[in-house]
Amino acid sequence: MFLGTHTPRLDDKGRLILPAKFRDELAEGLVITKGQERCLYVFPMAEFHRLAEQLQQAPVTHKAARAYSRVFFASAFDQVPDKQGRITVPPALRDYAGLRRELAVIGASSRVEVWDSEAWQGYLAESEESFADIEEGVLPGF
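In the annotation of an unreviewed UniProt entry, the entry for the protein chain reads Transcriptional regulator MraZ, and the organism field reads Actinocatenispora comari. In its Subcellular location (unreviewed entry) section, the UniProt record describing the protein chain reads: "Cytoplasm, Nucleoid". For the protein chain, the Sequence similarities (unreviewed entry) comment in UniProt is given as "Belongs to the MraZ family."

Laid out in structure tokens, this is it:
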């Protein structure tokens, strides 16, 4: 499980040093792709395969499922971190997420999310108030 918020930097070659806490789970390989709210999703290979199987269960006649699958898979890049725990964020994904030098890398349970630091701060400013007001109906028994 991925937890916490980390603040690495993107180097001049578009590489990101993965947080030490995340490296073991991602060491065998990962997939990085477009996520919602203009962030990037980083999945361990096994989790990506599980999601791919779920998406393949959607009927090909379902327009929204086709559209989501196209963007999700067409934007996906698989790689193995180097010995320093670095991955390269492809230029198209850097552009999509508006990544500059300062990043926020967050644990989001079964995935890692990569955000431009300013975009993450803006998202938190907008979302923390509603988070504080979430009712039990959204999270039963919590």
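Caption draft 1: Molecular detail of the pattern of salt bridges. For the coordinates displayed, the defined rule picks out seven salt bridges. With a closest N to O distance of 2.7 Å, R111 and E113 form a salt bridge. Owing to a relative accessible area of 8%, E113 belongs among the buried residues under this scheme. Residues joined in a network through salt bridges with shared partners are R100, D116 and E118.

Caption draft 2: Up close: the sheet that holds strand β1 (residues 5-6). Pairing within the open sheet is antiparallel, and its six strands lie in the order β1-β7-β8-β4-β3-β5. The sheet is open, and its two edges are formed by β1 and β5 (77-79), each paired on a single side. Alignment of strand β3 (residues 30-34) against β5, held across three bridges, turns out to be antiparallel. Within β5, the residue paired with I32 across the bridge is F77.

Caption draft 3: The arrangement of the packing of aromatic side chains in detail. One pass over the full model with this rule turns up eleven aromatic pairs. An angle of 80 degrees between the planes, with centres 5.8 Å apart, marks the rings of Y41 and F43 as edge-to-face. The exposure class assigned to Y41 is buried, which follows from its relative accessible area of 8%. Residue classification places F43 among the buried positions, given a relative accessible area of 4%. Look at F43 and F48: their rings are 6.2 Å apart centre to centre, the planes differ by 50 degrees, and that puts the pair in the tilted class. Each member of the pair, F43 together with F48, is buried. One aromatic cluster is present, formed by Y41, F43, F48, Y68, F72 and F73 through successive ring pairs.

Caption draft 4: Helix α3 (residues 63-74), seen in detail. The terminal C-alpha atoms of α3, which comprises twelve residues, lie 16 Å apart, in line with the 16 Å expected from a rise of 1.5 Å per residue. Among all positions in α3, only A65, S69 and F72 are buried. Seen along its axis, α3 keeps its buried residues to an arc of 70 degrees; they face one direction. Residues of α3 that are exposed and angled more than 90 degrees away from the buried face: K63, R70 and A74.

Caption draft 5: Up close: the nonpolar core. Core analysis: the biggest nonpolar cluster contains 20 residues, and L16, L26, I32, L40, V89, L99 and V114 have the highest contact counts within it. Elements with a contribution of two residues or more to this core: α1 (20-26), β3, β4 (40-44), α4 (91-97), β7 (103-108) and β8 (111-116). A total of three residues in this core trace back to one element, the largest contributor, which is α4. With near-sequence residues (within four places) excluded, L26 lies in contact with F2, L18, V42, F43, P44, P81 and V112. Among the nonpolar cores identified, the runner-up in size contains eleven residues, and C39, F43, L51 and F72 belong to it.

Definitions and cut-offs
Residues numbered from 1 in each chain as written. Predicted model: local features only at pLDDT ≥ 70, side-chain atom pairs only at ≥ 80, totals over all residues. Heavy atoms only, no water. UniProt positions renumbered as here; feature names shortened; annotations may be inferred. Salt bridge = Lys/Arg side-chain N within 4 Å of Asp/Glu carboxyl O. Buried < 20%, exposed > 50% of the residue type's maximum accessible area, 1.4 Å probe, protein only. Pairing = 2+ DSSP bridges. Helix = DSSP H or I, 4+ residues; strand = E, 2+ residues; numbered from the N terminus. Phe/Tyr/Trp six-rings, centres within 6.5 Å; stacked < 30°, edge-to-face > 60°. Expected span 1.5 Å × (residues − 1). Arc of directions from axis to C-beta. Core = buried A, V, L, I, M, F, W, Y, C linked by side-chain atoms within 4.5 Å. Contact = heavy atoms within 4.5 Å.

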